[in-house]
Amino acid sequence: MKYFIIYIFYYDLFYYFMHRLLHTKYFYTIHKNHHSSYKIEYLDFFKVNLFEYPLSSIGLYIALYFYGIYIYQLLMCICFICLRGMLEHDNKFVFIVGNHHLYHHKYIYYNYGEYWTDYIFGTLYKIKNIQ
Ligand SMILES: [Zn+2]
Ligand SMILES: [Zn+2]
């Protein structure tokens, strides 16, 4: 279980930076399809450019390199990331995972990652930010 948590931590940390990078004018063309739906639902988690999968998983590769590959914990980690991602893209599951990522789809310069990364790096959506 220890490595599962480490894998998720590294994934989330580096996903934040990759996602911010994808919102710059140089890379947004890769990412804009993900933001093209009027009403998002759970399958929109997979509505990304093929290059985004390897790019957004850089943190996972770094963790695997430094801590080693624990295959069952890695598989659990991948399942967790996919399940969490799907839940975060659907209004029906706000009661489980909150609306953090749904706000990213509404205000694209906030909430790039998970709550904790946005809190640390100052991109957490707050109502007072948008006025
Ligand atoms: Zn999204
Ligand atoms: Zn985005």
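Scroll up to find the structure.
Because the structure is a prediction, the values reported are computed rather than measured.

Novice: Would you take a moment to explain the packing of helix H1 (residues 2-22) against helix H4 (residues 58-67) for this structure?
Specialist: Taken N-terminus to C-terminus, the directions of H1 and H4 make an angle of 140°; their axes are 6 Å apart at the nearest point. The angle between H1 and H4 falls in the class oblique. Crossing geometry of H1 relative to H4 is assigned as right-handed. Only Ile58, Gly59, Leu60, Ile62, Ala63, Leu64 and Tyr67 of H4 make contact with H1, whose side of the interface consists of Tyr3, Ile6, Tyr7, Tyr10, Tyr11, Phe14 and Met18. When the residues that make up the contact of H1 with H4 are grouped by side-chain class, the tally is 13 nonpolar, 1 polar and no charged.

Novice: Would you explain the coordination of the zinc ion (ligand 1) in this entry?
Specialist: Tetrahedral coordination by four donors puts the ideal angle at the metal at 109.5 degrees, and octahedral coordination by six puts it at 90 or 180 degrees. His34 (NE2), His89 (NE2), His101 (NE2) and His105 (NE2) make up the full set of protein donors to the zinc ion (ligand 1), lying at 2.0 to 2.1 Å. Seen from the zinc ion (ligand 1), its 4 donor atoms lie at angles of 93 to 152°, and the figure they make is irregular. Read from N- to C-terminus, the donor residues coordinating the zinc ion (ligand 1) fall into the pattern H-x54-H-x11-H-x3-H. A spacing of 5.7 Å is found between the zinc ion (ligand 1) and the zinc ion (ligand 2). Taken together, the residues span a long stretch of sequence, with histidine 89 in the loop between helix H5 (71-88) and helix H6 (94-97) and histidine 105 in helix H7 (residues 100-106) at a distance of 16 residues.

Novice: Which parts of the structure should I look at to understand the coordination of the zinc ion (ligand 2)?
Specialist: At 2.1 to 2.2 Å from the zinc ion (ligand 2) lie its protein donor atoms, namely His19 (NE2), His23 (NE2), His31 (NE2), His35 (NE2) and His104 (NE2). Counting residues between consecutive donors of the zinc ion (ligand 2) along the chain gives the motif H-x3-H-x7-H-x3-H-x68-H.

Novice: Quick question: what am I supposed to make of the packing of aromatic side chains here?
Specialist: Where two aromatic rings form a pair, the distance of their centres and the angle of their planes describe that pair. Under the defined criterion, the tally for this structure stands at 17 aromatic pairs. Aromatic side chains phenylalanine 45 and phenylalanine 46 sit 4.9 Å apart centroid to centroid with 75° between the ring planes, which places their arrangement in the edge-to-face category. Judged by relative accessible area, which is 17%, phenylalanine 45 ranks as buried. A relative accessible area of 34% means that phenylalanine 46 is categorised as partly exposed. Summarising the aromatic geometry, the rings of tyrosine 110 and tyrosine 125 are spaced 6.1 Å apart at their centres and angled 80° between planes, so their arrangement reads as edge-to-face. Taken together, the residues tyrosine 110 in the loop between H7 and helix H8 (115-121) and tyrosine 125 in the segment after H8 connect sequence positions 15 residues apart. Among the aromatic residues, those joined into a cluster by ring pairs are Phe9, Tyr10, Phe14, Tyr67 and Trp116.

Criteria and thresholds
Residues numbered from 1 in each chain as written. Chains lettered and ligands numbered in written order. Predicted model: local features only at pLDDT ≥ 70, side-chain atom pairs only at ≥ 80, totals over all residues. Heavy atoms only, no water. Axes fitted to C-alpha atoms, helices over the stretch in contact; angles between N-to-C directions. Helix = DSSP H or I, 4+ residues; strand = E, 2+ residues; numbered from the N terminus. Parallel < 35°, antiparallel > 145°, perpendicular 65-115°, else oblique. Left-handed = near helix turned anticlockwise from the far one by under 90°. Contact = heavy atoms within 4.5 Å. Nonpolar A, V, L, I, M, F, W, Y, C, P; charged D, E, K, R; others polar. Donors = N, O, S within 2.8 Å, 3.2 Å for Na, K, Ca; no water. Tetrahedral: all angles 85-135°; square planar, octahedral: opposite > 155°, others 65-115°. Phe/Tyr/Trp six-rings, centres within 6.5 Å; stacked < 30°, edge-to-face > 60°. Buried < 20%, exposed > 50% of the residue type's maximum accessible area, 1.4 Å probe, protein only.

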